[in-house]
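Chains, contacts and geometry: an overview
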There are 2 protein chains.
Amino acid sequence: MASFSQIIHAKAVQIGKLSVQATTAAGSGHPTTALSLGHLTTMLMYHAMRWDLTDPGNRGSDRLVLSEGHAVPIVYAACADLGVTFLPGGKARRMTVDDLMTLRAIDSPIDGHPNPMVGFPFFDAATGSLGQGLSVAGGLAAAARVDGIDKVIYCVIGDGESREGQIWEAMDFIADHKLTSVVAIFNCNSIGQSDWVSHAQSTEMLARKAEAFGWKVVTIDGHNPTEISAALEQRKAAVAEGKPLCVIAKTVKGWGSPTNQGLGHHGTPVAAKDLDKVLGELDQTAKELGATGISADEINKALTIQPPLKAPAVKVAGRPRTFQEAVEKAKLGEALAKNKLSPRRAFGLALEALGDSNPNVVALDADVKNSTFAQDFAKEQPSHFFECRIAEQNMASVGVGLSAGGKIPFASTFGKFFIRALDQIEMGIISGANLKLVGTHIGVTLAADGPSQMAIADVAFMRAIGHAKDHQGNAAITVLTPSDAVSAYALVLEMAAFPSAVYLRALRAETVSLYGDNETFPLGGFKVVRKAAAGKKTLVIATNGYLVHTALSAAKKLADAGIETVIVDAYCLPFEAAELLKLAGANGGKILTVEDNYTGGLGSEVAEQAARTAQVKVESMFVENLPKSGKTPEDVLTYVHLSEADIISKATRFVG
Amino acid sequence: MASFSQIIHAKAVQIGKLSVQATTAAGSGHPTTALSLGHLTTMLMYHAMRWDLTDPGNRGSDRLVLSEGHAVPIVYAACADLGVTFLPGGKARRMTVDDLMTLRAIDSPIDGHPNPMVGFPFFDAATGSLGQGLSVAGGLAAAARVDGIDKVIYCVIGDGESREGQIWEAMDFIADHKLTSVVAIFNCNSIGQSDWVSHAQSTEMLARKAEAFGWKVVTIDGHNPTEISAALEQRKAAVAEGKPLCVIAKTVKGWGSPTNQGLGHHGTPVAAKDLDKVLGELDQTAKELGATGISADEINKALTIQPPLKAPAVKVAGRPRTFQEAVEKAKLGEALAKNKLSPRRAFGLALEALGDSNPNVVALDADVKNSTFAQDFAKEQPSHFFECRIAEQNMASVGVGLSAGGKIPFASTFGKFFIRALDQIEMGIISGANLKLVGTHIGVTLAADGPSQMAIADVAFMRAIGHAKDHQGNAAITVLTPSDAVSAYALVLEMAAFPSAVYLRALRAETVSLYGDNETFPLGGFKVVRKAAAGKKTLVIATNGYLVHTALSAAKKLADAGIETVIVDAYCLPFEAAELLKLAGANGGKILTVEDNYTGGLGSEVAEQAARTAQVKVESMFVENLPKSGKTPEDVLTYVHLSEADIISKATRFVG
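Residues numbered from 1 in each chain as written. Chains lettered and ligands numbered in written order. Predicted model: local features only at pLDDT ≥ 70, side-chain atom pairs only at ≥ 80, totals over all residues. Heavy atoms only, no water.

Side note on the overall build of chain A
Counting secondary structure elements, chain A contains 26 helices and 19 strands. In terms of C-alpha radius of gyration, chain A reaches 28 Å, essentially the compact-globule figure of 26 Å for 656 residues. With the C-alpha coordinates aligned to their principal axes, the bounding extent of chain A is approximately 95 × 50 × 45 Å. Counting across all 656 residues of chain A, residues that qualify as buried make up 70%. Here chain A displays about 19,500 Å² of accessible surface, and carbon together with sulfur accounts for 51% of that area. Averaging the positions of the 61 positive and the 68 negative side-chain charges in chain A gives two centres separated by 4 Å. (Helix = DSSP H or I, 4+ residues; strand = E, 2+ residues; numbered from the N terminus. Rg over C-alpha atoms; globule rule 2.2 N^0.38 Å. Buried < 20%, exposed > 50% of the residue type's maximum accessible area, 1.4 Å probe, protein only. Areas by Shrake-Rupley, 256 points an atom, 1.4 Å probe, with all protein chains shown as cover. Lys, Arg positive; Asp, Glu negative; His and termini not counted. Charge placed at Lys NZ, Arg CZ, Asp CG, Glu CD.)

So, in structure tokens, the structure goes:
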């Protein structure tokens, strides 16, 4: 009878061979990285993890986050061998080895890197842009804690990948919150893409770093089943110490195939002509390990997969309190009456209201909760609040993990600081994550703090992705820029109810309320906040955020000068620009867009629609020079040529 | 006679009081953070640093990078006290205490956070978006190494800020390259913005982490002049060990003013009514330390600033070899003849040519140099090449530091991975950095690797900033997407010669050469690669990169169907879209834009221009669904509705 180790070796060789075959069939991919993970993958997927092959996305199951996404052929190989359910063409069935050979094909769910939304629910998140998986694992662990479920989240990270700072943000986050359900496994095959990994990413250095970050560290031979088993067993001791477990696994890139080891084999499939030779090398390795001639029956008996835990029940959301109720609860009636309520304050109220009514809502902060007003939620819902400190990339990816864990994660910080997490946000969108991002202190009207704190390059990026449809057919991300507290409150509730990603931009400034309590703000819509008097020269001014107020003020002076303006609060991107064109058609045929961000936002949205038919003229005003500090919003608006006087001047020339 | 410590205390109190006064005058800012740095700033700026008050940007001087930019009032206060040269309104003069009181005003160079380009050359980079300064310091140190100058770069980092992963990327980078001219000083005042810092950012944990990252660590009382002196002296021992020095300085937020200590004082200026009281507390603290009644003369005598080292000479660039010469040198003539030369390969050739001709060019890589072809430069110019490993945020900010050190930094990686560094890039642009970014493997035609590796959200962001003028009056960043090896080569040379930031997107795919060797590609221009035959229905198709080839192929079939097309290679954004409109005016009055990225790029550029006059109609094709892996570029182009057939269909309907 074969030993347990021999059985693991046999399986590792089997799925290793499949990985090699699949990448050769695909003509691209990373077989040598896959081979370095043969044993670890086998130990996790065939033995340690509690999960259901027919329901791989089950939220009661242990999870595997493959942060070094390019290693994915080894996981696909295991899934093909196990017959895991996947969704080719949207229809669920069990995966076969033939399916594995469709790796990277356009009609296959077996994407080049983990990509759950194309039909592979075993994964919780798209990975491959490196350094993000451990944060996702942290988010899954946070969701499990909220649900009170004791599942384990394994995360495999490459040694070269561990150079990404986000890994260390995640190491801090997980240790800080004692999310001991996470097991981080560093796959140390010592070779990056273009060279050996740095000394800084050696097993010794990684172990020292992980210890310094407060983790319990075990260093093992990642091809030794006994050592892997013993390492995973250490989680209990780690939990007792209140520390998450970090396994530093020494592995061999191209394990089992001597001709594929050393430099020069990263991301290089075995040529078809060499395939038999390489598979033979793997067989020879198996033989040397006494891992040949074991019957499938014996292997299957030894490798039994335990079922998942009971999945947490889906919780039903109640009705959040209305804006007026929220204002009363917070005793802000007087502030509101005095127009002393900022959109960011309204966000805080709405988040608090969601916390009281929707048990699925969780919140993340990057040490600015007293500025964003996420602090009220933090105080009232401590079990649903996760302080991420000053580490926005980790915060975004934790949100992805929380979403995969069934939560509605509201992550908030200054809008400017989401810019450093745009790749993580994009990966979250690819993952189908229900991200709710709230960026405060937006635009140049932040003024005094200067350009290092101003979100003005955020809009173009978000709107660009927003014009792609996500896997549900929604705008992949919707961008909201409310102009007052009423609309900010309403839009936060809208975004919570919408099933796709949304980014809301909340002004720091206190603004005059433009809307009554019963006004609704559908996503994709806009509001006319001023109509034109008949019989005069007319112009439509479309704007949003702070500048709605500037435009309304300009409108009065323009009217005095004989120019009537329709003022539109275009609070949403993408939006029904065609409807705006109709409005312009009936009001002079000209639209002036005004926004205090760089181009690529509202002006582009309207111009793109208008240029299709060339019937309405569009001029746009946006930030065309690099801003600086100024004591007041008006100082900086003047500096970037977006003051009331600039609007009046531009509108006057445009109307002609 | 006062002791040296008493003199430092006296000066720390003096500039601390000025910081408090300045923030009160501004009505915003961070006096308590400033107070925590009083002694460290004094020790550095009045004693340790070798620099020239009248030439604070001198490249022979020691540098101070204030990574926690919000602490800047303490540096401004020192500069006002010292009479450092700054440039209000662009004119150089010595700063006064009155100038200090203009903090954060729109017409003052004393911005809310360090912002050298508005007239404060003491700083090398804009900071304030946290976590970036240590990388900038690494870049300054790398430049100093290239120049063979032994200057010291001090970098002050907040304890809360050290949660940012980029700090740890920089710790790795600096230790890896033994850039021992950097001294990292962690200002551990133990209070973040909204709370006490995490245990993970305690002095003990930071010290353990820094040691684990390979630094020599000294923990001191950051208000004890003797300890600060001794700590800075440790750099010699650190250098001998081949390690950079890390000083963990325990400080007090609101030092010297008991009523401004503890939570609740971050970013909060002292109210005018409380100012005298707080200044009195600081005087009282000085008194308790025996630091009152010391004459200005005695202080000045004790605090003598040593002059800078000799600044490195500016080096003159020669003529880089031509494309044809480069092809010959690399023996790629046959590949070129067979149309087997990719734009990324051409980038590698051009970078190598720049290395041979321009001693100011340096290159950075993120462990993909074998894919980007930066490896040839790496081999030939090892002293000018800095491997950054898989840490793109650090790479971008190291580029900012290299630029401040007088270099022309070419940083290259997959275009997708620059997205995680967009905030760093934006901060670099604000800093006036001469960044040369080359993103390879762009667009959906990367195909097999899938969306985690595809740069398709990059264009909108870059173009948006590109429509703002930088401090030289240039596009703040120019986006280049060449369609073949010839234009890629030429554009890399163009970008090297241009003094502002440029982002070049280089295809992975081998493409047919469209241009002769003598073709020029001015920034802001475009190329007509196919003209329309007269007398037929005509349409202008504007595109770039891979899709130029697809459009050319579609053009033939459209011609067969009676539709003549002008094909435009719009390789640059922003560009002279008005010229394109003229061309369209003479060719049917319609433009179809085609690009394999999300919207916000070429289509928006053309539509914005067209919508101004509403005389030319513009339809646009771009990526409107989330891509996935496919085996060939055509598979994925079809998946995202950008195939040749899609172009033909859209063009046919558009022409009508």
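So, next bit.
Regarding the sheet that holds strand S4 (residues 153-158) of chain B
All names here are of chain B. Spatial strand order, S1-S4-S5-S7-S6: five strands in an open sheet with parallel pairing. The open sheet has two edge strands with one neighbour each: strand S1 (63-66) and strand S6 (216-221). Averaged over all pairs of adjacent strands, the angle between strand axes in this sheet comes to 20°, irrespective of strand direction. Of the pairings in the sheet, the one linking strand S5 (residues 182-188) to strand S7 (residues 245-250) comprises six bridges and is parallel in character. Bridged to asparagine 187 within S7 is alanine 249. Of the strands in this sheet, S1, S4 and S5 are in contact with helix H6 (residues 133-147), which crosses S4 at around 170°. (Pairing = 2+ DSSP bridges. Axes fitted to C-alpha atoms, helices over the stretch in contact; angles between N-to-C directions. Contact = heavy atoms within 4.5 Å.)

Some remarks on the pattern of salt bridges
According to the stated counting rule, one finds 72 salt bridges over all chains in the structure shown. Aspartate 376 of chain A is paired through a salt bridge with arginine 345 of chain A; the nearest N and O atoms lie 3.4 Å apart. Here arginine 345 of chain A lies in helix H14 (residues 343-357) and aspartate 376 of chain A lies in helix H16 (residues 375-380), a separation of 31 residues in the sequence. Aspartate 376 of chain A sits in the buried class, given a relative accessible area of 14%. Looking at arginine 345 of chain A, the relative accessible area reads 15%, which means it is buried. Of the charged contacts, one joins lysine 650 of chain B and glutamate 619 of chain B as a salt bridge, the two residues approaching to 3.4 Å between their closest N and O atoms. Of this pair, lysine 650 of chain B sits in helix H26 (residues 644-655) while glutamate 619 of chain B sits in strand S19 (residues 617-621); the two residues are 31 residues apart in sequence, bridging distant segments of the chain. You'll find lysine 650 of chain B and glutamate 619 of chain B in the same group, each marked buried. Several salt bridges converge on common partners, so that one network encompasses Glu164, Asp423 and Glu426 of chain A together with Glu392, Lys416 and Arg420 of chain B. (Salt bridge = Lys/Arg side-chain N within 4 Å of Asp/Glu carboxyl O.)

Quick word on unusual backbone geometry
For residues besides glycine, phi is generally negative; the peptide bonds are generally trans as well. Residue and element names in this part refer to chain A. For the bond from leucine 573 to proline 574, the omega torsion is -10°, close enough to zero to count as cis. With respect to the element layout, proline 574 can be found in the loop between strand S17 (572-573) and helix H23 (577-585). Located in the positive-phi region is histidine 641, a residue other than glycine, with phi close to 65°. Looking at where histidine 641 falls in the secondary structure, it is placed in the loop between helix H25 (633-639) and helix H26 (644-655).

A word on the relation of the copies chain B and chain A
For the match of chain B to chain A, the screw axis carries a shift of 0.0 Å, the RMSD comes to 0.0 Å, and the turn is 180°. Taken together, the turn and the small shift mark the pair as related by a two-fold rotation axis. Among all residues of chain B, the minimum C-alpha distance to the rotation axis is found for glycine 165 of chain B, at 1.8 Å. The fraction of interface residues of chain B whose copies in chain A are also interface residues reaches 99%, indicating that both copies meet through the same surface. (Least-squares fit on C-alpha atoms with pLDDT ≥ 70 in both.)

Description of the packing of aromatic side chains
Residues and elements named next belong to chain A. Under the counting rule described, the total for this entry stands at 29 aromatic pairs over all chains. Ring centres of phenylalanine 521 and tyrosine 571 lie 5.5 Å apart, and the angle between their planes is 80°; on these two criteria the pair is classed as edge-to-face. With phenylalanine 521 in the loop between strand S13 (501-506) and strand S14 (527-530) and tyrosine 571 in the loop between strand S16 (563-569) and S17, the pair connects residues that are 50 residues apart, well separated along the chain. Each ring, one from phenylalanine 526 and one from phenylalanine 575, has its centre 5.7 Å from the other, and the planes form 90°; the classification is edge-to-face. In this pair, phenylalanine 526 is assigned in the loop between S13 and S14 and phenylalanine 575 in the loop between S17 and H23, connecting sequence segments 49 residues apart. Site record: aromatic cluster; members linked through ring pairs are Trp51, Tyr76, Phe86, Phe120, Phe122 and Phe123. (Phe/Tyr/Trp six-rings, centres within 6.5 Å; stacked < 30°, edge-to-face > 60°.)

What about the packing of helix H22 (residues 546-560) of chain B against H26 of chain B?
All names here are of chain B. Orientation of H22 relative to H26, taken along the N-to-C sense of each, is 55°, at an axis distance of 9 Å. Taken together, the axes of H22 and H26 lie oblique to each other. Judged by the sense of rotation from one axis to the other, the crossing of H22 with H26 is right-handed. Residue-level inspection shows Thr550, Ser553, Ala554, Lys557 and Leu558 of H22 in contact with H26, the latter providing Glu644, Ile647, Ile648, Ala651 and Thr652. Within the contact of H22 with H26, the residues separate by chemical class into five nonpolar, three polar and two charged. (Parallel < 35°, antiparallel > 145°, perpendicular 65-115°, else oblique. Left-handed = near helix turned anticlockwise from the far one by under 90°. Nonpolar A, V, L, I, M, F, W, Y, C, P; charged D, E, K, R; others polar.)

Considerations on the packing of helix H14 (residues 343-357) of chain B against helix H21 (residues 485-497) of chain B
All names here are of chain B. Contact geometry of H14 with H21 gives a least axis separation of 8 Å together with a crossing angle of 40°. With respect to each other, H14 and H21 are oriented oblique. Of the two elements, H14 crosses H21, and the hand of that crossing is right-handed. Across the interface between the two elements, Pro343, Ala346, Phe347, Leu349, Ala350, Leu351, Ala353 and Leu354 from H14 touch Ala485, Ala488, Tyr489, Val492, Leu493 and Ala496 from H21. Of the residues assigned to the contact of H14 with H21, the class counts are 14 nonpolar, no polar and no charged.

With respect to the side chain of aspartate 367 of chain B
Tracing the chain through its elements places aspartate 367 of chain B in the loop between strand S8 (361-365) and helix H15 (369-372). Lysine 369 of chain B provides the closest opposite charge to the buried, unpaired aspartate 367 of chain B, separated from it by 4.9 Å. Here the side chain of aspartate 367 of chain B touches glutamine 193 of chain A through a polar contact of 2.9 Å, landing on its backbone nitrogen. Those residues in contact with aspartate 367 of chain B that sit more than four places away from it in its chain are Gly192, Gln193, Ser194 and Asp195 of chain A together with Glu387, Arg389 and Ile390 of chain B. (Polar contact = N/O pair within 3.5 Å; in protein donor to acceptor, adjacent residues only side chain to side chain.)

Details of the side chain of serine 198 of chain A
Structurally, the position occupied by serine 198 of chain A is in the loop between strand S5 (182-188) and helix H8 (203-212). Not counting residues up to four positions away in its chain, the partners in contact with serine 198 of chain A are Arg163 of chain A together with Asp176 and Arg389 of chain B.

Concerning the environment of phenylalanine 386 of chain A
Checked against the element boundaries, phenylalanine 386 of chain A lands in strand S9 (residues 385-387). Beyond its immediate stretch of four places on either side in the chain, phenylalanine 386 of chain A contacts Ala142, Val146, Phe173, His177, Ala363, Leu364 and Asp365 of chain A.

A few points about helix H8 (residues 203-212) of chain B
Note: α-helices contain 3.6 residues per turn, so residues at a spacing of three or four share the same orientation. Along H8 of chain B, seven of the ten residues are buried, which leaves the element largely enclosed by surrounding structure. Contacts made by the buried residues of H8 of chain B are with helix H7 (165-176) and H8 of chain A together with helix H7 (165-176), S5, S6 and S7 of chain B.

Considering the pairing of strand S1 (residues 63-66) of chain A
Each regular strand displays side chains that alternate between the two surfaces of the sheet. Residue and element names in this part refer to chain A. Every second residue of S1 is oriented toward a common face, with Arg63 and Val65 on one face and Leu64 and Leu66 on the other, all of them buried. Bridge count between S1 and strand S4 (residues 153-158): four bridges; the pairing is parallel. Of the residues in S4, the one forming a bridge with leucine 64 is tyrosine 154.

What to know about the sheet that holds strand S10 (residues 408-414) of chain B
Residues and elements named next belong to chain B. The strand order across the open sheet built from seven strands is S9-S8-S10-S11-S13-S12-S17, with neighbouring strands paired in mixed fashion. The sheet is open, and its two edges are formed by strand S9 (385-387) and strand S17 (572-573), each paired on a single side. Here five bridges tie strand S11 (residues 436-440) to strand S13 (residues 501-506), and the two strands are oriented parallel to one another. By the bridge assignment, threonine 440 is partnered in S13 with alanine 506.

Let's talk about the interface of chain B and chain A
On the side of chain A, 121 residues touch chain B, which itself brings 122 residues to the contact. Of the roughly 9,100 Å² buried at the junction of chain B and chain A (both faces included), carbon and sulfur atoms supply 51%. Per-residue buried area on chain B facing chain A is highest for Ile106, Arg163 and Arg420 of chain B; these three make up 9% of the total on that side. Put simply, chain B and chain A have 20 salt bridges between them. (Buried area = accessible area lost by both parts, 1.4 Å probe.)

Section: the environment of aspartate 458 of chain B
Residue and element names in this part refer to chain B. The residue aspartate 458 is located in helix H20 (residues 458-466) in this model. The class for aspartate 458 is buried, based on a relative accessible area of 1%. Taking C-alpha positions, aspartate 458 is 7.9 Å from phenylalanine 418, a pair spaced 40 residues apart along the chain.

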